Amino acid sequence: MGAQELDLAGLRRVYGRTGSRLFYTRVARNARHWGWTEPGQSKWRLWRAQRQLEDVLGRKLALSAGARVLDAGCGAGVVARAMADRFGLLVTGVDVLDFHLAEARRLSARAALAERTVFSWGDYHRLPFEEGSFDGAYSMETLVHSYDPPRALAEFHRVLRPGGRLVLLGPMSTAPLDELAPQTRAVLEPYLDAMVFPGAKVYHARNLPQLLAEAGFEVEEALDATAYYTPTSEAVHAYFRLPWAVLRRFGDPARWLNLRSTVEMYAVREYIAWYVHTAVKPGR
């Protein structure tokens, strides 16, 4: 199972170090998520791929303008602003890192979206909201940080109204870790620990639908979207393998964990799947 407690210090190491913050602000334009590339599109258009992934989320939520939505692990609020601006949703983002929240509020104010995006401190295993507060909820590649995925899913279920929709997007292993080859685990498990991904040790492509069902959801779709994510993986690996090699040799690799994620994980890509799970809380 997962770590069973919030590793705030670890998350600060992952997202708060200078190298990571430069990577996200300068390279990813404040986003913390991967991208979606349609067949025939260039894999080098990384920012377009990020926007397209946000559109996939909005379509899967399938909510009317004005619907109340929870962003679980909102980061700098890039996805929240996309949902508010492009789909007319009212988004409440929670995050456990104060500098993420400050950045999210600043960027939303600059985009004139402060009235449609609200950000507050919150651990999504213990959400400070009443039952049935939201019409929808999503995790954009943040469930990997969950120290107790069943508990997080139960919280999402609790705060959704009957008929509310949940969308989970992100990577996971294709099988339980103990079924992977030793050489694969030797690369993967230290990386999961360094990036504070305890959730990735608990759920995988086989069991996440079952965990959703056990939390009370009806699973509408478990879409293996790996083919749409792979072009981004190929492009960022090509862009950053040389910078990572230089930094690893002459600098402090711990300061550049996010570059490591784009390069070293490419070696075990055949064991990583990217999914979009859509689920509904029964009832109306």
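See the structure printed just above.
Participant: How should the overall build of the protein be read in this particular structure?
Facilitator: For the protein, the count of helices and strands is 10 helices and seven strands. Here the C-alpha atoms of the protein give a radius of gyration of 18 Å, agreeing with the 19 Å that 2.2 N^0.38 yields for 284 residues. Each principal axis of the C-alpha distribution contributes one length, and for the protein these read about 55 × 45 × 40 Å. Per-residue burial over the protein gives 56% buried out of 284 residues. Residue pairs in contact within the protein that sit at least 24 positions apart in sequence constitute 78% of those at least 6 positions apart. A total of about 12,400 Å² of accessible surface is found on the protein, and carbon and sulfur atoms cover 52% of it. When the 36 positive and 31 negative side-chain charges of the protein are each reduced to one mean point, those points stand 7 Å apart.

Participant: Looking at this structure, how should I read helix H4 (residues 78-87)?
Facilitator: Helical geometry note: an α-helix holds 3.6 residues per turn, so side chains three or four residues apart project in the same direction. With respect to burial, H4 is a largely interior element, seven of its 10 residues being buried. Residues of H4 that are buried include every one of Val78, Val79, Ala80, Arg81, Ala82, Met83 and Ala84, and no others. In this structure, the buried residues of H4 make contact with helix H3 (46-61), strand E1 (68-72), strand E2 (90-95), helix H5 (98-110), strand E3 (117-121) and strand E4 (134-140). Glycine 88 occupies a position one or two residues after H4 and carries a positive phi of about 70°.

Participant: I tried to follow the pattern of salt bridges on my own but got confused; where do I start?
Facilitator: Scanning the entire structure with this criterion turns up 15 salt bridges. With a closest N to O distance of 3.2 Å, arginine 68 and aspartate 135 form a salt bridge. Taken together, the residues arginine 68 in strand E1 and aspartate 135 in strand E4 connect sequence positions 67 residues apart. Its relative accessible area of 11% is what places aspartate 135 among the buried residues. The residue glutamate 220 makes a salt bridge to arginine 165 at a minimum N-O spacing of 2.7 Å.

Participant: Any chance you could explain the environment of glycine 77 here in plain terms?
Facilitator: Looking at the secondary structure, you find glycine 77 in the loop between E1 and H4. Assessed through its relative accessible area of 0%, glycine 77 is described here as buried. Ignoring sequence-local partners within four residues, the contact set of glycine 77 consists of Ala104 and Phe119.

Participant: Please explain empty space enclosed by the protein as it appears in this structure.
Facilitator: If a probe the size of a water molecule is rolled over the atoms, the empty space left behind becomes visible. Going through the model one piece at a time under the given rule, you end up with one cavity of 30 Å³ or more. Taken together, the elements giving at least two residues each to the lining of the largest cavity come down to strand E5 (160-173) and strand E7 (272-280). Considering only residue class, the lining of the largest cavity consists of nine nonpolar, three polar and one charged.

Participant: Hey, could you run me through the packing of helix H1 (residues 8-16) against helix H2 (residues 18-27) in this one?
Facilitator: When two helices pack together, their arrangement is given by the angle between the helix axes and the distance between those axes. At a minimum axis separation of 6 Å, H1 and H2 run at an interaxial angle of 55°. With respect to their mutual orientation, H1 and H2 come out oblique. Between H1 and H2, the residues in contact are Val14, Tyr15 and Gly16 and Thr18, Ser20, Arg21 and Tyr24, respectively. Tallied by class, the residues present in the contact of H1 with H2 amount to three nonpolar, three polar and one charged.

Participant: It is not clear to me how the side chain of serine 108 should be interpreted in this structure. Could you clarify?
Facilitator: On the secondary structure map, serine 108 appears in helix H5. The class of serine 108 is buried, set by a relative accessible area of 1%.

Parameters at a glance
- Residues numbered from 1 in each chain as written.
- Predicted model: local features only at pLDDT ≥ 70, side-chain atom pairs only at ≥ 80, totals over all residues.
- Heavy atoms only, no water.
- Helix = DSSP H or I, 4+ residues; strand = E, 2+ residues; numbered from the N terminus.
- Rg over C-alpha atoms; globule rule 2.2 N^0.38 Å.
- Buried < 20%, exposed > 50% of the residue type's maximum accessible area, 1.4 Å probe, protein only.
- Contact = heavy atoms within 4.5 Å.
- Areas by Shrake-Rupley, 256 points an atom, 1.4 Å probe, with all protein chains shown as cover.
- Lys, Arg positive; Asp, Glu negative; His and termini not counted.
- Charge placed at Lys NZ, Arg CZ, Asp CG, Glu CD.
- Salt bridge = Lys/Arg side-chain N within 4 Å of Asp/Glu carboxyl O.
- 1 Å grid on protein atoms, 1.4 Å probe; cavity = no way out; pocket = protein on both sides within 12 Å on 5 of 7 lines; lining within 4 Å.
- Points joined across faces, edges and corners; volume = space filled by probe spheres on them.
- Nonpolar A, V, L, I, M, F, W, Y, C, P; charged D, E, K, R; others polar.
- Axes fitted to C-alpha atoms, helices over the stretch in contact; angles between N-to-C directions.
- Parallel < 35°, antiparallel > 145°, perpendicular 65-115°, else oblique.

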